[in-house]
Structures are given as C-alpha cells and as structure tokens.
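Observations on the three-dimensional arrangement
Each chain is listed here by its residues.
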Amino acid sequence: MEKSFDAIVVGSGAAGGMMVHQLTRAGLSVLLLEAGPDRTGAPTEDRGSSSGRSHRSGSGTLAAIADKARVTKDVVSRSVMEIGTAFSGRPDLQKMIHLRAADDKRVPGSERQMIQRECPVFSPSTASLYVDDVDHPYMVPASSPYQWIRSRQLGGRTQIWKRLTPRMTNHELKAAERDGHGICWPFTEAELAPAYEVAERVLRVTGSVEAGAPAHDGALPTRPMSPAETQLRDAVVSRWPDRKVSLAPYASPFGPGETGDLDTRWDSYDGGRNPGHACTVRNTLQPALLTGKLEIRCNAVVHRVLTERGGKVASGVLYLDARTGEEHRALGRVVVLAASALESTRILLLSKSEEWPKGLANSSGMVGRNLTDHLFGVGAVGVKALRGQSICQPPILIPNFRNRLEDRRDLGFSRGYQYAGYFGALRGGPFRTWMSTLILSAHGEIIPKPRNRVTIDEAVKDVHGIPVLRIECQRDENEARMAKDMLETGVEMLEAAGYEVMMRSPEALPPGASIHEGGTVRMGDDPKLSVLNGFARTWDIPNLYVTDCAAFTSAGNQNPVLTIMALNVRAAEDIVLRMKRRDL
C-alpha cells in the first residue's frame, strides 16, 4: 500500500524549512520534496535523495584553515571592489552597491545563465547555486524585462541570502488603510509578533529593538557600533529625529550550538557545502531530521497538486524525478506549497481541471495577479577620512520613515523604503589617508497591481517538459517618484554625516532583481479578493496551504525572509490544531 504522510511540503528554502521544523516538532510525519539536489553535505554535484541523513559541515583544523582562507578571499575581493569603484568615476553604482564580480564572462556556465549572473553574488563559487536559464526558461514581453533569480537545491535561495531579518510593522501591514492601494494584511503586528519570536529564536537573530528584532535567549549579542557607525547615527538622528539608525537585525551565521564573533565569520560561498554560513538547513532541516519524522526527496520536481471529492480536497502531488524523468505520486493529509512565490503559483496554475479551469483554488481569479517586488538599486556612496572602520556585519539599517500611518504629508508617491548601510575602509590618496566608505542602498515597496501578473505559456516548456511562466511586470510613475526621493535622501544623510558623495545611482534595477518577488497568491479577509486566509490556507481547499512569499498581501520594504518564516509558524500551528480537532 502506498505510504501516506500527515503533510507534504514542496520546497526546502525559508518557507519549507520552517514548516517542516514546526510540523515534525509537533509529531507529524512529513515528506519534503525539493526540486534540486542536496549540495549541503559533500563537494559533489548531485547527492541524490536523502532520508534521515545527517547533514554535516567542515570541522577540525584543516577545515578551519580552509574556511578562514575562503573568508579572507571574500573580504579582500570586497575591499578591492570598493577601492576600484569608489575612485574610478564610473556611474554604474550597482557594481559597488551589490558587490558583484568584476568580469562575468569568466564565470563557468555564465553563457547558460544569462539571467542568473545578474544576481549580485553570482560568481564562480556560486554558479552551481543557480538554475540553468536554458533549461529553465520563462517568457516576458519584449518591452518589460524581468530578472527571475532562482535556486534549486536543498536550502533553496537561503544559500545566497544575506541574513537581514527586520520585522514588518503595521505601517506595512495596514498601509492600504492610508492610501487605498490593494488590501490590508489579515492580521496586525501584535498578532504576528509571537510567530516572529519563534522565527527569530530558530534563526538566532541578533539586533536592536529599533530595527525590529527584540533580543532573545540563545541569540548572539549584537556587536558594538564602530566609530563611523556611531557618527552616522548621531548625525542623522540629530537632524531628523523621526529616523532611526542601528545595526540591522541579523540571522546568525552559526548553527545551533555554535558560538563565535560575527565579525570573523563572513559569507564564503562555496557551492553551498557549508550551510552554516547562510543557509537554513542547519537551523530547520537538521533538527527536523533528528525527530525521525521527516523524509526528504531531492530532485523531485512537483508540477501538479492532486485533488479528490470533486476538486474540493487536496490528496497529494505529482512530481518528476529530475534525473530520470519518471513521474511519481506522493499522498498526504495536507499539502503545503513553499516552492518560492512564482514556482508555487506555477504549480497552482498547472493544476487546473474541469473543476478549476483557471487554476487550482482560484475562485477569486487572484492566483497569479498582484505580483510584488522591491524597488532596488538606488543609492549613493560616500567617503570620509576616518580611522578605525573595518568591513563588518551586520550592516546599518535605517527603517522606513516615509508615508507611515500617522504621516499625512503628500510626498507625491505611496508607500515607503528603508536604507541599508554598508561600511568599509580603504587607504588612498596622495597622502595615504585612511578613509571610511559608506554605501547606502535602498529597498522600496512596490504597490501590488492586478496587471502585474504571471500566467502559463503552454507553447514553451522547460527541460522537464513542463509549461513555463509568462511574467508581466511594469513599473509606473509612483516608483519613479520614490526612486527620486530615495536618491535625494541618501545623499542628504551622507552629507549630514560628513561624507563626500563619490557616486549616485538614480536608476533602479529591473523588476525581479531584488529577489523578493511575491504576492501572486495573496492573503486577505475576503475570499473574493484573496486566495488565502490569515493562516496561508486557501479559501477554496481546506487542506491546501501556500506559505512562501506568494502569500504576501503586499511587499513592505523589508527583506521578506523573517516574515516568510513567521507565516510558516502560524500556518503550522493552524495545521497542528486542525489535525488535533480532526478537521483535516
């Protein structure tokens, strides 16, 4: 008899990882399906399926030396990039703001990764963490470019994640009350707070209350602010009291039970073989495996949700083995789509049937619509004569101070943005003066619009023979006005802190470049205007959940990972409670 699980979870990134972590702790049997291979335990291209395997990372003297060498190389490359760009006079600020490789042409496989190589941290050591664009195409209108950055491996895109973990507040969750654009999230900041606390403990977040993350037992302490960071804070706050400057909330690069100094452990991308640096494998999947309740099947490409009882109940999923092309079926009492926003949406649209001609769980017509993103790439760079500054993590965070709920000023645009500040140091000029460098990079909220959407293009198929997505996403005057304000504000703050502005980046990168896409299966209070309720459960099918960024009602201006994980805490609690009540 075919084995059935309490829950099937599709996707192993921030969403899927947290979901299996919570469900297995509650004693549920869980099958995790990941479309890519497992690269987290050994330096191999494909480790195949894993079930109950212990994921390991380097330890001992030789491994420590190798790790230190990778860290040193990364820090040096970032420093060289800053020096070269700060004094080159070139206008392409993105090269510095996002610390991209200087020569993409030398990256192995880049001729097949023409979209993926646009990611800021794409390099020879990270190329394997991104999809092959030839094998995994998507369609866009010629007039509307979109950069869809994708990863397919255990841990998903958390292996290229920078670990910033600010919370969303009512200023984002209830923004529609102020400006009338879109709908409000179906809960408040206070109602989401308990789930945030769980996610912050799992990620071992360190950060200040001002930036959004309370301190928790077991989290690493925040490092002291440097002289340059302190001077920036004092200069900004004294001139603009409504602005806050602090170290960003930050997910520890150390796994459970590990300790150390944040400044000595940087991202050293090594093909994903050290998940302790950026990936959630250690924090969520490993503990889940230890419960004995989790089975992981890698290279499992889910393309359809199975239903029964006239399409009213989800019974499992169909998936292809990425290596052999064989189709398999997995059965479960609950199905959770956590494959990343656009992939989960794609699965729903591909799961159309006689009962669901427009896509599964799509009675509202909202599946695929309201694609959100962040305005990304606008910023400025300054230098200042100052000793004692080094390259360190976490960066500075200046939370949003525009269009907050109580602010009734008309700034000419809706929603807000935040700034991240990346400090560095260099020694240059004719007298070899020590200089502090500061990169201010903004993230702005793009308003959800029904016309920004994804659909299935039946004429084009990927390497597995599955129809691909067509992505239509356009920006408008609201984003142009926000970008202008972003630049002016960034320059003002640099100058107020005594920095000479060396570069300005007035133009945002194309849609998708922020790698924060979402909103295409949004939550809400009204089934006619949303696909999911406040627990990420579909209104139409009571045992089908969508828990990645597709569930976002609006984008906010924060990095979405912590919020994704908090949504999964809420959804998991709902699943466990309903199973205890025998509602599932």
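Reading guide: rules and limits
Residues numbered from 1 in each chain as written. Predicted model: local features only at pLDDT ≥ 70, side-chain atom pairs only at ≥ 80, totals over all residues. Heavy atoms only, no water. Helix = DSSP H or I, 4+ residues; strand = E, 2+ residues; numbered from the N terminus. Expected span 1.5 Å × (residues − 1). Buried < 20%, exposed > 50% of the residue type's maximum accessible area, 1.4 Å probe, protein only. Pairing = 2+ DSSP bridges. Core = buried A, V, L, I, M, F, W, Y, C linked by side-chain atoms within 4.5 Å. Contact = heavy atoms within 4.5 Å. Phe/Tyr/Trp six-rings, centres within 6.5 Å; stacked < 30°, edge-to-face > 60°. Axes fitted to C-alpha atoms, helices over the stretch in contact; angles between N-to-C directions. Parallel < 35°, antiparallel > 145°, perpendicular 65-115°, else oblique. Left-handed = near helix turned anticlockwise from the far one by under 90°. Salt bridge = Lys/Arg side-chain N within 4 Å of Asp/Glu carboxyl O. Polar contact = N/O pair within 3.5 Å; in protein donor to acceptor, adjacent residues only side chain to side chain. pLDDT = per-residue confidence, 0-100.

Examining helix H1 (residues 14–25)
Between its first and last C-alpha, H1 extends 17 Å over twelve residues, near the 16 Å set by a 1.5 Å rise per residue. Burial analysis of H1 places eleven of its twelve residues in the buried class, which makes it a mostly covered element. One or two residues past the end of H1 sits Gly27, with phi positive at roughly 95°.

Notes on the pairing of strand E9 (residues 327–337)
The pairing of strand E1 (residues 4–10) with E9 spans six bridges and is classified as parallel. Note that in E9 the partner of Ser4 across the bridge is Leu331. Here five bridges tie strand E8 (residues 313–321) to E9, and the two strands are oriented antiparallel to one another. Bridging across to E9, Gly316 finds its partner in Leu331. If you look at the hairpin formed by E8 and E9, you'll find five residues sitting between the two strands, and Gly325 has a positive phi there, around 80°.

As for the nonpolar core
With 93 residues, the main nonpolar core has Leu23, Leu33, Val317, Leu337, Ile471, Leu544 and Ile575 as its most contacted residues. If you tally residues by element for this core, the top one is helix H11 (residues 561–580), at twelve residues. In contact with Val317, not counting residues within four places along its chain, are Ile8, Val10, Leu33, Val302, Arg304, Val305, Leu306, His328, Arg329, Ala330 and Val335. Among the nonpolar cores identified, the runner-up in size contains 32 residues, and Ala235, Ala483, Met493 and Val501 belong to it.

Observations concerning unusual backbone geometry
Backbone geometry places Arg204, a non-glycine residue, at a positive phi of 55°. Mapping Arg204 onto the fold places it in the loop between helix H6 (189–203) and strand E3 (205–206). Here the phi dihedral of Arg415 falls at roughly 70°; this positive angle occurs in a residue that is not glycine. Mapped onto the elements of the fold, Arg415 is located in the loop between strand E11 (396–398) and strand E12 (417–428). Overall, Arg415 belongs to the buried group, its relative accessible area being 4%.

Observations regarding the packing of aromatic side chains
The description of an aromatic ring pair uses the distance of the two centres, along with the angle that the planes make with each other. Following the criterion strictly, the structure yields six aromatic pairs and no others. When the centroid spacing of 5.1 Å and the interplanar angle of 65° are considered together, the rings of Trp185 and Phe552 count as edge-to-face. Here Phe552 lies in the loop between strand E17 (544–546) and H11 and Trp185 lies in the loop between helix H5 (175–179) and H6, a separation of 367 residues in the sequence. When its relative accessible area of 0% is taken as the criterion, Trp185 is described as buried. A residue is classified by how much of its surface remains accessible, and Phe552, at 2% relative accessible area, is buried. Their ring planes at 85° and their centres at 6.0 Å tell us that Tyr417 and Tyr419 sit as a pair that is edge-to-face. Using a relative accessible area of 0% as the deciding quantity, one classes Tyr417 as buried.

Side note on the packing of H6 against H11
Closest axis-to-axis distance for the H6/H11 pair is 8 Å, and the angle between their directions is 110°. Taken together, the axes of H6 and H11 are roughly perpendicular relative to one another. Crossing of H6 against H11: the hand is right-handed. Between H6, through Glu191, Leu192, Ala195, Tyr196, Val198, Ala199, Glu200 and Leu203, and H11, the contact on the second element is made entirely by Leu562, Thr563, Met565, Ala566, Leu567, Val569 and Arg570.

Things to note about the pattern of salt bridges
Inspection of every chain in the model, using the stated rule, returns 29 salt bridges. Note that Asp179 is salt-bridged to Arg415, the shortest N-O span being 2.6 Å. Of the two residues, Asp179 sits in helix H5 while Arg415 sits in the loop between E11 and E12, which places them 236 residues apart along the sequence. Of the charged contacts in the structure, one is a salt bridge between Arg470 and Glu472, with a shortest N-O distance of 4.0 Å. Through salt bridges with shared partners, a single network forms among Arg150, Arg152, Glu343, Arg346 and Asp462.

Quick look at the environment of Arg167
Of note, Arg167 is situated in the loop between helix H3 (94–97) and helix H4 (170–173). A sequence separation of 390 residues divides Arg167 from Asn557, and the C-alpha atoms of the two residues are 9.9 Å apart. At 2.8 Å, the side chain of Arg167 forms a polar contact with the side chain of Glu200.

Some points on helix H9 (residues 341–350)
Where burial is concerned, most of H9 is hidden: ten out of the ten residues are buried. Of the positions making up H9, those classed as buried are Ala341, Leu342, Glu343, Ser344, Thr345, Arg346, Ile347, Leu348, Leu349 and Leu350. Buried positions along H9 lie against E1, strand E7 (300–308), E9, strand E14 (453–461), strand E15 (467–472) and E17.

Description of the environment of Ile115
For Ile115, the location among the structural elements is in the loop between H3 and H4. Note on Ile115: relative accessible area 22%, which makes it partly exposed. Setting aside residues up to four positions removed in sequence, Ile115 forms contacts with Asp133, Tyr138, Gln147, Trp148 and Ile149.

Some points on the environment of Gly377
Tracing the backbone shows Gly377 in strand E10 (residues 374–385). We classify Gly377 as buried; its relative accessible area is 0%. Considered as a pair, Gly377 and Ser514 are 137 residues apart in the sequence and their alpha carbons are 8.2 Å apart.

A closer look at the confidence of the model for the chain
Across the chain, pLDDT averages 83, with 79% of residues at or above 70. Within the model, pLDDT remains below 50 along residues 42–107, and this stretch shows 124 contacts once partners closer than five positions in the same chain are excluded. When the criterion is pLDDT under 50, residues 266–273 qualifies, and its contacts beyond four places in sequence or with other chains add up to 38 contacts.

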